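What follows is the residue order along each chain.
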Amino acid sequence: MATIVENPSLTGGSPGAEPVVDNYLTFTRGWKSWAFTLDHKRIGVMYLCATLGAFFVGGIMALILRSELFFPGKQFLSPDMYNHMFTLHGAVMTFLFIIPGIPAAQGNFVLPIMLGAKDVAFPRMNLGSFYLWVFGAIYLVAAIIFGGLDTGWTFYTPYSTTTNTSVILATTGVFILGFSSIFTGLNFIVTIHTMRPPGMTWFRMPLFLWATYATAIIQVLATPVLGITLLLLIAERAVGIGIFQPELGGDPVLFQHFFWFYSHPAVYIMILPAMGVISELISTFSRKHIFGYRFVAYSSIAIALLGFLVWGHHMFTSGQSAVSATMFSFLTFSVSIPSAIKVFNWLATMYKGSISFATPMVYALSFIFLFSIGGLTGLFLGALSVDIHLHDTYFVVAHFHYVMMGGTLIAFLGGLTYWWPKMTGRMYDEFSSQMAAIGVFIGFNLTFFPQFVMGARGMPRRYADYLPEYEFYHQLSTIGAFVLGVALVAAVGILVRSLWTGAKAPPNPWGSATLEWQCSSPPPHDNFATTPEVGDPYAVESVKWSDSERGYVKNPSYVPSKDH
């Protein structure tokens, strides 16, 4: 079943020498072979290392913030430094990790292989996207060094046009990161349209590709709005042209409209790829065909389109007309329909399935639980009367983190542990990894669930101090943050250790039927020696366990079902 290619050039031409199996990690050597590579797999690995580095920095900032809040009153951060710290935590996590985490890192690695293609449509643009991400990250780091940033990650005007911190450096960095995101999205759209092999119709594509495609549409259509808005903000600060500054005749609320027209769809840039990962995990580890394939696929497109229509729900307290607020509230509730379709179909897939609680499945189950809480609490914020009470409280912080961290981060870890054997050719310690995944789940809930209670009782967000009545909840949250931090370090450390101690991974260790499991682990440089045979991506009966391979192999007795 697996495509294993031998590369005679790696034997050094020695007669009788054993040929080395071709894989992308050793196909060429030296730092230049990585720095200038056009191989989508290597670019995906570089994105993975870079985004994990950004996540580590953002995580350290979060722990510093939570330590400051363990007791009421000033501990070691001044209010001004607290503002800097939570602004950079939000900017680094949002723009450097959550948005590119799954599409750029895992998407780059598996999307062409899932399609049965050799690479993405524009490999040079792909490498350029990565270096744009690096330059954007450098600008954000420079903002930390040259004066910091205290506007919040939303850069709201008029404060961002008047503060003395490094707004121009930071917004320039985000502007560059936006181009990186657009190029990645454009590459994926063209790749999916033009490089599918014979037999892979739209409804034979894995759902991860549907989710990535829907995400790419948002990246290409919405990100330019953010770029133009940030350019206007830079121009406002540099020459005072009077767009957002009230003293110059500008309207600060206009900035919020522009910002959220991008940033609410950006929420779906973060969560749609995560949903695609979960669809793959639920089917594979339930040993069952995905339930309602077409509904799950269409719901990805529906979420992408509806996501453009709901930005106003972030601004219910900004003085909207009653009609506008009612319409935005109604549209916000409508987004919950395709999201619920996905959750119901995942649960239906598990029903009567042969569920394996391998590490990726533990993350998938965590995702469903956490994302459901995040989604349901979003309904409170979409309701006009309740949102007025909860606006800018810790309830919003908890809701946002349940969706973004409980959704995107957990799915990122699920996808990472799922495709890790394919990426590295090594299996990790399963029991330790399961324990780390459970630790992440416990730490996450201990961190953020108390914040729902605090928010409902009126604790405002972004405050460096608080009344003593909130102390118990803040202390629970801080303890949870450190549990979460330790579990995350353990989860990543177990994977890294497997590079030296892990058993050799078979081509298909999990029993999935998608194409990336038909090539060897790690994949050859060109992915497939010949165009792979396309079948139903969720026909898990098409493979069976082999003791000799220590993995799944093609099932010769499999007969395709007419039901799918």
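None of the values given here were measured: they were computed from a predicted structure.

Asks: An account of the overall build of the protein chain is needed here, citing residue identities and associated values.
Replies: Along its length, the protein chain carries 15 helices and 4 strands. For 564 residues, the compact-globule estimate of 2.2 N^0.38 gives 24 Å, and the C-alpha radius of gyration of the protein chain, at 24 Å, lies within 12% of that figure. Over its C-alpha atoms, taken along the principal directions, the protein chain stretches across nearly 80 × 50 × 45 Å. Sorting the 564 residues of the protein chain into buried and exposed places 58% on the buried side. A fraction of 78% describes how many contacts in the protein chain between residues 6 or more apart in sequence connect residues 24 or more apart. Of the roughly 22200 Å² of accessible surface on the protein chain, a fraction of 69% belongs to carbon and sulfur atoms. Computing the positive centroid from 27 side-chain charges and the negative centroid from 27, the protein chain places the two 8 Å apart.

Asks: Let's hear about the pattern of salt bridges: which residues, and what values?
Replies: Counted under the stated rule, the structure contains 5 salt bridges. With a shortest N-O distance of 4.0 Å, R462 and D392 are connected by a salt bridge. Taken together, the positions of R462 in the loop between α14 (430-456) and α15 (471-501) and D392 in the loop between α12 (384-390) and α13 (394-424) put the pair 70 residues apart, joining distant regions of the chain. Salt-bridge contacts for K554 lead to E533; the nearest nitrogen and oxygen are separated by 3.6 Å.

Asks: Provide a residue-level description of the pairing of strand β3 (residues 543-546), including the pertinent values.
Replies: Every other side chain in a regular strand lies on the same face of the sheet, so the side chains alternate between the two faces. By the bridge criterion, 4 bridges tie β3 to strand β4 (residues 551-554) in an arrangement that is antiparallel. The residue bridging S546 from the neighbouring strand is G551, located in β4. Between the end of β3 and the start of β4, which pair antiparallel, lie 4 residues, with R550 showing a positive phi angle near 55 degrees.

Asks: How would you summarise helix α8 (residues 252-286) if you had to cite specific residues and measurements?
Replies: For α8, built from 35 residues, the straight-helix expectation of 51 Å at 1.5 Å per residue is met to within 8% by its first-to-last C-alpha distance of 50 Å. Of all the bends found along α8, the most pronounced is centred on W260 and spans about 30 degrees. Of all 35 residues that make up α8, 30 are buried, and the element is covered over most of its length. Trailing α8 by a residue or two, R287 shows a phi angle of about 50 degrees, which is positive.

Asks: Explain the UniProt feature "domain: Cytochrome oxidase subunit I profile" (unreviewed entry) in the protein chain to me, using residue names and the numbers behind them.
Replies: In the numbering used here, UniProt assigns the feature "domain: Cytochrome oxidase subunit I profile" (unreviewed entry) to residues 34-535. The span residues 34-535 is 71% helix and 0% strand, and its two end C-alpha atoms sit 33 Å from each other.

Asks: Could you give an account of the packing of helix α3 (residues 79-115) against α13, naming the residues involved and the relevant values?
Replies: Taken N-terminus to C-terminus, the directions of α3 and α13 make an angle of 35 degrees; their axes are 11 Å apart at the nearest point. In the packing of α3 onto α13, the handedness of the crossing is left-handed. Contacts between α3 and α13 involve Y82, H89, F97, I98, G101, I102, Q106, F109, V110 and M114 from the former and Y394, H401, M404, T408, L409, A411, F412, G415, L416, W419, K422 and M423 from the latter. Its residues placed into classes, the contact of α3 with α13 shows 15 nonpolar, 6 polar and 1 charged.

Asks: Got a sec to walk through α3? Specific residues and values, please.
Replies: Given 3.6 residues per helical turn, the α-helix brings residues three or four places apart onto the same face. Between its first and last C-alpha atoms α3 spans 51 Å; for 37 residues at 1.5 Å apiece the expected length is 54 Å, and the two agree. At G101, α3 shows its strongest bend, of approximately 65 degrees, with the proline P103 following within four residues. Within α3, 33 of the 37 residues are buried, which leaves the element mostly enclosed by the surrounding structure. A positive phi of about 80 degrees marks G116, the residue just after α3.

Asks: So what about the nonpolar core? Which residues, and what values?
Replies: Membership of the largest hydrophobic core comes to 158 residues, with the highest contact counts inside it found for F95, F155, W346, F367 and W419. The greatest single-element share of this core, amounting to 21 residues, is contributed by α3.

Asks: So what's going on with a nonpolar patch on the surface? Which residues, and what values?
Replies: Together, F431, M435, I438, I442, I479 and V483 line one region of the surface with nonpolar side chains, adding up to about 540 Å² of accessible area. At the level of secondary structure, the elements contributing two or more residues to the nonpolar patch comprise α14 and α15. Among the secondary structure elements, V483 is positioned in helix α15.

Asks: Kindly report on the side chain of T184, identifying the contributing residues and their values.
Replies: Note on placement: T184 falls in helix α6 (residues 167-194). Assessed through its relative accessible area of 3%, T184 is described here as buried. Reaching out from T184, the side chain makes a polar contact with the backbone oxygen of S180 at a distance of 3.0 Å. When residues no more than four places from it in sequence are discounted, the contact partners of T184 are Y47 and S129.

Asks: Explain the side chain of T163 to me, using residue names and the numbers behind them.
Replies: Within the secondary structure, T163 is located in the loop between α5 (159-162) and α6. Since its relative accessible area comes to 7%, T163 is described here as buried. In terms of polar contacts, T163 uses its side chain to reach the side chain of T165, at 3.2 Å. Filtering out sequence-adjacent residues up to four positions away, T163 remains in contact with D150, T151 and R237.

Asks: So what's going on with the packing of aromatic side chains? Residues and values would help.
Replies: Tallied over the entire structure, the rule returns 43 aromatic pairs. With 5.6 Å between their ring centres and 65 degrees between their planes, F203 and Y298 make a pair best called edge-to-face. Pair noted here: F203 is in the loop between α6 and α7 (207-239) and Y298 is in helix α9 (residues 293-306), with a separation of 95 residues, a long-range link. F203 gets classed as partly exposed once you look at its relative accessible area, which sits at 25%. Three or more aromatic residues link up through ring pairs in this structure, and these residues are F95, W153, F244, F255, F259, W260 and F400. Lying over the aromatic face of F203, R294 brings its terminal NZ or CZ to 3.9 Å of the ring centre.

Reading the values: rules and limits
- Sequence order as written defines the numbering, with residues in each chain counted from 1.
- The model is predicted, so local features are restricted to residues of pLDDT at least 70 and side-chain atom pairs to those at 80 or more, both for listing and for counting; the totals for chains, interfaces and linings are taken over all residues.
- Hydrogens and water are ignored here; the side-chain numbers use all heavy atoms of the structure.
- We count a stretch as a helix when DSSP gives it H or I for four or more residues in a row; a strand needs E for two or more, and each element gets its number in order from the N terminus.
- Only C-alpha atoms enter the radius of gyration, while the globule expectation follows 2.2 Å times N to the 0.38, with N the number of residues.
- Type-normalised accessible area, obtained with a 1.4 Å probe on protein chains alone, sets the label of each residue: buried when under 20%, exposed when over 50%, and partly exposed for intermediate values.
- In what follows, a contact means two residues having at least one pair of non-hydrogen atoms within 4.5 Å.
- Values of accessible area rely on a 1.4 Å probe in the Shrake-Rupley scheme; residue burial ignores everything except the protein chains shown.
- Counted charges follow a simple rule, with Lys and Arg positive, Asp and Glu negative, and His plus the chain ends left uncounted.
- Positions of charges follow a simple convention, taking NZ of Lys, CZ of Arg, CG of Asp or CD of Glu.
- Every case where a carboxyl oxygen of Asp or Glu lies within 4 Å of a side-chain nitrogen of Lys or Arg is listed as a salt bridge.
- Strand pairing is defined by DSSP finding a minimum of two bridges between the two strands.
- Expected helix span is computed as 1.5 Å times (number of residues minus one).
- Two axes are fitted around each residue, one to the seven residues ending there and one to the seven starting there, and the angle between them is reported as the bend at that residue.
- UniProt positions are given in the numbering used here, feature names are shortened, and annotations may be inferred rather than shown by experiment.
- Note on geometry: axes are lines fitted to C-alpha atoms, helical ones only across the stretch in contact, with angles between N-to-C directions running from 0 to 180 degrees.
- Helix crossings get a hand from a simple test, with the near helix turned counterclockwise from the far one by less than a right angle marking a left-handed crossing and a clockwise turn marking a right-handed one.
- Only Asp, Glu, Lys and Arg are considered charged, only Ala, Val, Leu, Ile, Met, Phe, Trp, Tyr, Cys and Pro nonpolar, and every remaining residue, Gly among them, polar.
- We define a nonpolar core as any set of buried Ala, Val, Leu, Ile, Met, Phe, Trp, Tyr and Cys residues linked to one another through side-chain atoms lying within 4.5 Å.
- Here a patch means residues that are over 30% exposed by relative accessible area and free of salt bridges, tied together within 9 Å if like-charged and within 5 Å if nonpolar (Val, Leu, Ile, Met, Phe, Trp, Tyr).
- Polar contact is defined as a pair of N or O atoms within 3.5 Å, subject to the rule that within protein one atom must be able to donate a hydrogen and the other to accept it, and that residues adjacent in sequence are counted only when both atoms are side-chain atoms.
- Two rings from Phe, Tyr or Trp (for Trp, the six-membered ring) form a pair when their centres sit within 6.5 Å of each other. Planes less than 30 degrees apart are called stacked, planes more than 60 degrees apart edge-to-face, and all others tilted.
- Two conditions define a charge located above a ring, namely a distance within 6 Å from the ring centre to NZ of Lys or CZ of Arg, and an angle within 35 degrees of the ring normal.

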